[in-house]
Structure formats: C-alpha cells, structure tokens
Amino acid sequence: MLTGENIVQLVSGLLHWAYAQAGISSLAGVIDPIISAVVMFGFIAVFVMFLVWMERKVSAHMQSRIGPNRVGPLGLLQTVADAIKLTIKEDVKPVNRDKVPYFIAPIVAFVATFMGMVVIPFDKGVVVQDLNVGILYIIAITGFTVIAILTAGWSSNNKYALLGGFRSAAQIISYEVSLVLSVVPIIMITGTLSLSGIVEYQKQAGYWFILPQIVAFLIFITSATAEANRAPFDIPEAESELIGGFHTEYSGVKFAMFFLGEYIAVVVSSAVAVTLFLGGWLPLPYLDFLHIPGFVWFLAKLLLVIYLIMAFRWTFPRLRVDQLMDFGWKVLIPISIINILATAVVWFCLYGKGAQ
Amino acid sequence: MNLELIQNLLPLALALTLAVAVPAAMMILSALLGPKHDTQTKLSTYECGIQGPAIEGDARHHFNVKFYLIAMCFLVFDVEVVFLFPWAVLFQKMAWGGFFSMVAFLGVLAFGWYYLLKRGAFEWE
C-alpha cells in the first residue's frame with residue numbers, strides 16, 4: 001500500500017544505496033537532514049506560490065472577476081512571473097535607514113515562519129524532525145515574527161513604518177496569549193506536546209478534537225488570522241491610513257520576504273490547526289477503505305483551512321483598533337481560560353475514577 | 001550535550017542555515033543585479049506626498065505609551081501561559097490536587113485581569 005512512510009523509506013533506501021556507491025555512508029547522518037530540509041524548502045516555495053495564485057483566484061471569484069489568466073494555464077505561472085519581477089527590481093535603500101537591522105529584518109521574518117514548518121508531520125513518519133516538544137517549539141519560533149516586524153518598523157526611520165510596526169506588534173502579542181491558551185486543552189487530553197503523538201491519540205480515540213474542542217478551534221483560527229496580520233485584522237497594513245505599515249520602505253526581494261513570511265505563517269497556523277483539531281494525516285471517517293495516502297488527506301485538509309482563512313479576508317470588513325484590542329483581551333482570553341477549566345471538569349467527570 | 005540531543009537538533013540547525021542563507025543570498029543578488037538609478041528624492045523617507053512636521057522628519061519620536069502597557073500585560077499573561085504547559089502535560093496524573101492548584105493560580109490571574117479591565121488598561125481611545 002502506498003503511504004507517505006513507504007515513500008520516505010523507499011527514497012531513504014535509494015539514498016543510502018547511493019551513499020554506499022559513492023563511499024560516503026558514514027556521512028549519511030548529516031546528508032539526510034540536509035536533503036529533508038531542502039525538500040521542505042522547495043515544497044514551501046512552490047506551495048506558497050500556489051497559495052498566492054489561489055488567493056487571487058478566490059478573491060476574483062468572490063468579486064465576480066476572472067483573476068490572473070494570462071501567464072500559463074489558468075494563470076498558474078502568474079506568481080512565478082511576479083517573483084522574477086520582484087527579484088530583478090531596483091533595490092531602493094532609503095538614506096535614513098539603520099543599515100544592519102534594515103537588512104536583517106526580512107530574513108528574520110522569513111526564518112521565523114519557515115522554521116515552524118520543520119516539525120509539522122505531513123504523514124506518519126514524514127517530517128523533517130519530529131520533536132517531542134513540537135507544539136511548544138512552533139509557538140516559540142513563530143514568536144520571532146514580532147521581532148522582525150518591530151525591527152523593520154524601527155530601522156526604516158519612517159513614521160508610517162514605525163506606527164505600523166508598533167500596531168502590528170501590539171496586535172500579535174495580544175492574540176498570542178489566546179492562541180497559546182487555546183492549545184492547552186488538547187495537551188491536557190493527550191498528555192503530550194509532540195504533534196505526531198497528538199495525531200496518534202486522535203487515531204486511537206476515534207474522533208478528531210474539533211468535536212469536543214470546537215471552542216478552542218474557533219479561538220485558534222481567529223487568533224491565527226490575527227497573528228498573521230490578515231484581514232479582518234490587517235490594521236497594521238491598513239493602506240488607507242498607514243500606506244504599507246512596517247514594510248512601507250521595503251521593495252523588491254526584501255518586500256517579497258515579508259510577503260512570503262506572511263503566507264508561510266498562514267500555512268504554519270493552518271497546518272497546526274489541521275494537526276491539532278482535524279486529525280492530521282488521518283482519513284475522513286468511513287473513507288479509510290479508499291487507501292488514499294495520509295499526506296494527500298493532510299494537504300486536502302490544509303487547503304480547506306487555508307481557504308477558510310482566505311474567505312475571511314474577502315468577506316469581513318476591517319476592524320477598528322479599539323474593537324481589535326477589546327476582542328482579544330476582553331473576549332478571547334476569558335473564553336479560552338474558561339474553556340481550559342471546563343475541559344478539566346468534564347475530563348474528571350468522564351474519566352476521574354481512573355485517576356490516582 | 002548528549003548525542004541524542006545533537007541528533008535531534010541537527011536537522012533544525014541545517015534548516016535554519018538554509019532559511020538564513022537563501023533569503024540573504026537573494027537579497028544580495030538582487031542588489032547586485034538590479035538597475036541603479038538613485039536620486040535624492042527617491043532615496044529620501046517615503047511620506048506619501050503629505051508635507052509637514054507630522055509626517056516628515058526623524059521617526060524616533062514620542063509615541064503612545066499604550067503600546068508599552070500592552071507589552072507589559074502580554075509579558076505577565078505569557079509567563080502565566082508558559083506555566084500552564086507543564087501542568088497540562090501532567091494534568092491527568094495530578095488529578096484533583098493539580099486541578100485545584102491551577103484554579104487558585106488562574107484565580108490570581110483572573111483577579112489581575114479584572115483589575116486591568118477596571119483600570120481601563122484594555123481601552124484604546
């Protein structure tokens with residue numbers, strides 16, 4: 001049967017045979033991680049390009065337009081053309097910038113989100129590195145986005161950029177709390193921080209956590225949308241008042257890095273949502289006789305959640321700053337704390353007799 | 001450092017190297033390959049056509065203290081949230097004892113939250 005694990009075993013077997021032929025078997029422990037990291041990098045690059053095309057098609061569909069349709073079939077190569085255009089553009093360096101932070105900020109924005117993808121299990125055993133503290137690692141590493149945004153806003157030495165950076169940072173840290181709190185009930189039920197472990201638990205339990213934890217799922221999706229600075233929470237980039245927010249002074253490839261980072265952030269939070277709440281690589285109930293490989297299920301669920309986040313952007317109007325802060329601090333945080341306590345009480349009522 | 005830890009972290013370190021090197025290389029390449037038509041106006045700070053002291057000039061200026069306040073609140077809440085993680089992992093083993101300790105802990109947090117709410121820390125004028 002074709003599964004993601006079998007493919008990985010096949011490829012790794014072929015690679016190890018090639019190492020033996022080349023006489024470098026002793027280096028396999030170093031070359032294997034390099035190859036898996038490169039594969040993940042390539043996958044992310046292609047997938048994000050596809051997502052940009054998808055977002056433009058989705059928005060066009062919702063606004064009764066056609067969307068990109070000239071470059072390649074169905075306009076699929078439009079994003080490739082855009083990437084080439086951004087690369088060969090003039091690199092405008094405003095004179096008032098702080099040279100080193102101005103250069104580092106786009107790299108940090110890209111690294112912080114890309115490193116989150118490294119621990120996401122695409123199928124049983126198909127993961128660059130399955131950390132036993134996976135979920136904590138993702139929360140920690142994606143937190144660096146705030147630093148990138150603040151650095152970009154500050155080093156541009158532009159009032160629009162500075163205000164955009166501050167607003168963005170305030171928004172991200174406000175929703176970070178509810179995002180992390182919405183993950184805690186899952187850890188309480190499974191007793192593990194490993195992403196693969198959480199999927200395995202859902203397999204054994206026979207249900208996905210979206211059923212008992214629908215509240216946590218809604219909080220997670222809302223907070224993740226706010227964390228990625230996407231509409232309806234895109235006040236930091238509100239074009240009509242702050243031009244471009246923290247990336248006002250950035251152009252060309254440097255701008256592309258922020259843009260990529262934003263899309264990878266959407267991919268990471270959707271992937272975490274799929275893993276925690278939608279059963280990861282597990283097939284839909286009653287459909288496991290189809291023998292569809294796990295990573296196909298994972299990608300299908302991932303695209304569904306990403307479509308949901310895209311649909312938010314094109315259906316809801318932008319919130320005001322005070323509404324945004326009110327919603328985060330006065331609504332989401334209390335609800336998620338109550339959700340944690342309620343989960344604990346319900347768990348004791350159901351399984352309490354078995355506990356010591 | 002034990003060997004297992006290094007083996008666990010090696011792929012992450014390699015991915016990190018890749019993730020730093022590729023964007024940096026692309027940015028340097030683009031700076032080398034792209035056209036260079038620098039003019040003083042183009043390189044000056046972007047002000048969107050609006051003139052006056054509110055927009056022009058150095059950006060390192062006074063800004064709303066509200067941002068600082070939000071950051072302080074975040075710090076308090078995020079530290080509390082980090083304490084929740086080990087508790088959540090061991091939640092089933094600790095049973096009621098652990099639950100009531102956490103209720104007391106969250107009770108203090110809720111009191112602080114209520115205080116901030118009443119003092120208007122979450123109000124954005």
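Residues numbered from 1 in each chain as written. Chains lettered and ligands numbered in written order. Predicted model: local features only at pLDDT ≥ 70, side-chain atom pairs only at ≥ 80, totals over all residues.

Caption draft 1: View of the overall build of chain A. Counting its regular elements, chain A contains 13 helices and 0 strands. Over its C-alpha atoms chain A spans a radius of gyration of 22 Å, differing by no more than 12% from the 21 Å that the globule rule assigns to 356 residues. In terms of overall dimensions, chain A has a C-alpha envelope of 65 × 60 × 45 Å along the principal axes. Burial status across chain A gives 49% buried among its 356 residues. (Helix = DSSP H or I, 4+ residues; strand = E, 2+ residues; numbered from the N terminus. Rg over C-alpha atoms; globule rule 2.2 N^0.38 Å. Buried ≥ 20, exposed ≤ 12 C-beta atoms within 10 Å, placed from the backbone.)

Caption draft 2: Spotlight on the overall build of chain B. Within chain B, the regular secondary structure consists of 4 helices and 0 strands. Expected size for 125 residues packed as a compact globule is a radius of gyration near 14 Å; at 25 Å, chain B overshoots this value by more than 25%. Across the 125 residues that make up chain B, the buried fraction comes to 17%.

Caption draft 3: Molecular detail of the environment of V108 of chain B. Residue and element names in this part refer to chain B. Residue placement: V108 occurs in helix α4 (residues 91–119). For V108, a count of 10 C-beta atoms within 10 Å gives the class exposed. A sequence separation of 23 residues divides V108 from F85, and the C-alpha atoms of the two residues are 17 Å apart.

Caption draft 4: Seen up close, the interface of chain A and chain B. In this assembly, 64 residues from chain A lie in contact with 53 residues from chain B. Breaking the side of chain A that touches chain B down by element, the ones donating at least two residues are α2 (28–62), α4 (99–117), α7 (159–190), α11 (252–277) and α13 (321–351) of chain A. Of the residues forming the side of chain A that touches chain B, the biggest block, 13 residues, is contributed by α7 of chain A. Partitioning the side of chain A that touches chain B into residue classes produces 42 nonpolar, 11 polar and 11 charged. (Contact = placed C-beta atoms within 7 Å. Nonpolar A, V, L, I, M, F, W, Y, C, P; charged D, E, K, R; others polar.)

Caption draft 5: Up close: the confidence of the model for chain A. The pLDDT averaged across chain A works out to 86; a share of 96% of its residues lies at or above 70. For chain A, the element scoring lowest by mean pLDDT is helix α10 (residues 239–242) of chain A, at 64; helix α9 (residues 214–227) of chain A scores highest, at 91. (pLDDT = per-residue confidence, 0-100.)

Caption draft 6: Layout of the domain arrangement of chain B. Taken domain by domain, chain B consists of domain 1 (1–35) and domain 2 (64–125). Of note, the centres of domain 1 of chain B and domain 2 of chain B, computed from C-alpha atoms alone, are 36 Å apart. (Domains from an automatic or database assignment.)

Caption draft 7: A look at the nonpolar core. Among the nonpolar cores identified, the biggest contains 119 residues, and I264, V267 and A273 of chain A are the most heavily contacted of them. Ranked by residue count, the leading element in this core is α7 of chain A, at 19 residues. Each of domain 1 (1–35) and domain 2 (64–125) of chain B gives at least three residues to this core. Every residue in contact with A273 of chain A, bar those within four places of it in the chain, is listed here: F220, I221, A224, L278 and V305 of chain A. (Core = buried A, V, L, I, M, F, W, Y, C linked by C-beta atoms within 7 Å.)

Caption draft 8: Here's a closer look at the packing of α2 of chain A against helix α1 (residues 3–33) of chain B. Between α2 of chain A and α1 of chain B, the shortest axis-to-axis distance is 9 Å and the interhelical angle comes to 50°. Regarding the angle of α2 of chain A to α1 of chain B, the classification is oblique. In this structure, α2 of chain A crosses over α1 of chain B, and the sense of that crossing is right-handed. Contacts between α2 of chain A and α1 of chain B involve P33, I34, S36, A37, V38, M40 and F41 of chain A on the former and, on the latter, L10, P11, L14, A15 and L18 of chain B. Classifying every residue of the contact of α2 of chain A with α1 of chain B gives 11 nonpolar, 1 polar and no charged. (Axes fitted to C-alpha atoms, helices over the stretch in contact; angles between N-to-C directions. Parallel < 35°, antiparallel > 145°, perpendicular 65-115°, else oblique. Left-handed = near helix turned anticlockwise from the far one by under 90°.)

Caption draft 9: Geometry of unusual backbone geometry. All names here are of chain A. With a phi close to 60°, L74 is a non-glycine residue in the positive phi region. Counting through the fold element by element, L74 comes out in the loop between α2 and α3 (78–87). C-beta crowding within 10 Å serves as the criterion here: with 12 such atoms nearby, L74 is assigned to the exposed category. Although it is not a glycine, N229 adopts a positive phi angle of roughly 55°. Tracing the backbone through its elements, the reader meets N229 in the loop between α9 and α10.

Caption draft 10: Structural context of α1 of chain B. Between the first and last C-alpha of α1 of chain B there are 44 Å, a value that for 31 residues agrees with the 45 Å anticipated at 1.5 Å per step. Its maximal kink placed at L9 of chain B, α1 of chain B deviates by approximately 35°, while the proline P11 of chain B follows within four residues. All of the buried residues along α1 of chain B are P11, L14, A15, A19, P23, M26, M27 and S30 of chain B. Buried residues along α1 of chain B sit against α2, α3, α4 and α11 of chain A. (Expected span 1.5 Å × (residues − 1). Bend = angle between axes of the 7 residues up to and from the residue.)

Caption draft 11: A look at the packing of α2 of chain A against α11 of chain A. Residue and element names in this part refer to chain A. It is the contact of α2 with α11, at a shortest axis distance of 10 Å, that shows an interaxial angle of 95°. One way to sum up the angle between α2 and α11 is to call them roughly perpendicular. Every residue of α11 that contacts α2 at I44, F47, V48, L51 and V52 is listed here: L260, Y263, I264 and V267. When grouped by side-chain class, the residues that make up the contact of α2 with α11 number 9 nonpolar, no polar and no charged.

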